[in-house]
Amino acid sequence: MDRFLLSLVFALLVISTSAFAPSRPSTPTYRHAALETQQNAIWDTVGSMYKNWGKKATASHILFRPSQFPEDEAKAKLLEIKEEIGNDPEKFAAAAREWSGCPSSKDGGSLGEFGPGMMVKNFDDVCFNEEVGVVHGPISTQFGEHLILITQRTGEDN
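Note that this is a predicted model, so its numbers are computed, not measured.

**Here's the deal with the pairing of strand E3 (residues 135–141)**
Burial of E3 is extensive: 5 of the 7 residues sit out of reach of the surface. Bridge count for E3 against strand E4 (residues 144–154) is 5 bridges, and the pairing is antiparallel. Opposite Ile-139, over in E4, you have His-146 as the bridge partner. Counted between consecutive antiparallel strands, the loop separating E3 from E4 contains 2 residues.

**Here we look at the packing of helix H3 (residues 71–85) against helix H4 (residues 89–99)**
Between H3 and H4, the least distance of the axes is 9 Å, while the angle of their chain directions is 150°. On the basis of their axis angle, the class for H3 and H4 is roughly antiparallel. In this structure, the crossing between H3 and H4 has a hand that is right-handed. Here Lys-77, Ile-81, Glu-84 and Ile-85 of H3 come into contact with H4, specifically with Lys-91, Phe-92, Ala-95 and Trp-99.

**What to know about the sheet that holds E4**
In space, the 4 strands of this open sheet follow the order E2-E1-E4-E3, with antiparallel pairing throughout. The open sheet has two edge strands, strand E2 (110–114) and E3, and neither has a second partner. On average, each strand axis in the sheet is inclined to that of its neighbour by 30°, with strand direction left out of account. Where strand E1 (residues 56–64) meets E4, 9 bridges bridge the pair, whose relative direction is antiparallel. If you follow His-61 over to E4, its bridge partner there is Ile-148. Packing of H4 onto the sheet brings it into contact with E1, E3 and E4, and relative to E1 it is tilted by some 45°. Helix H5 (residues 121–129) rests against E1, E2, E3 and E4 of the sheet, and its axis sits at about 35° to E4.

What counts as what
- Residues numbered from 1 in each chain as written.
- Predicted model: local features only at pLDDT ≥ 70, side-chain atom pairs only at ≥ 80, totals over all residues.
- Heavy atoms only, no water.
- Buried < 20%, exposed > 50% of the residue type's maximum accessible area, 1.4 Å probe, protein only.
- Helix = DSSP H or I, 4+ residues; strand = E, 2+ residues; numbered from the N terminus.
- Pairing = 2+ DSSP bridges.
- Axes fitted to C-alpha atoms, helices over the stretch in contact; angles between N-to-C directions.
- Parallel < 35°, antiparallel > 145°, perpendicular 65-115°, else oblique.
- Left-handed = near helix turned anticlockwise from the far one by under 90°.
- Contact = heavy atoms within 4.5 Å.

Now the structure itself:
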């Protein structure tokens, strides 16, 4: 019941803030599309928070930013790295230090512990729905291409 009430309150807040959005856009259509995308992202976040209530994940990642490699090259290189490291956390950390374009590379790609809705949708979906201890990817987000190693997940329904 608490989950329902929290989700309902959050949804009401989101709906009330959409009252400040212009009813007829005075700006080009792409602005309106961006607003719809932002509203969809909010609903994705609320849905993930509800579905994964009480869960926490700990994960590491290797990120190839678009400025590092074109998308196709990034995916190919990440698949090559994935094949080399298997599911070994130590090899994953070493590869993250060498290749990742994220500041977390200094820590072997470790992102620490986080809850549902704290990461972008594709990343969040992998961290809260896929197998722990396995390297997943390449996963595409607006930040680039990722390999993700979920090292722990708590709050699972047993």
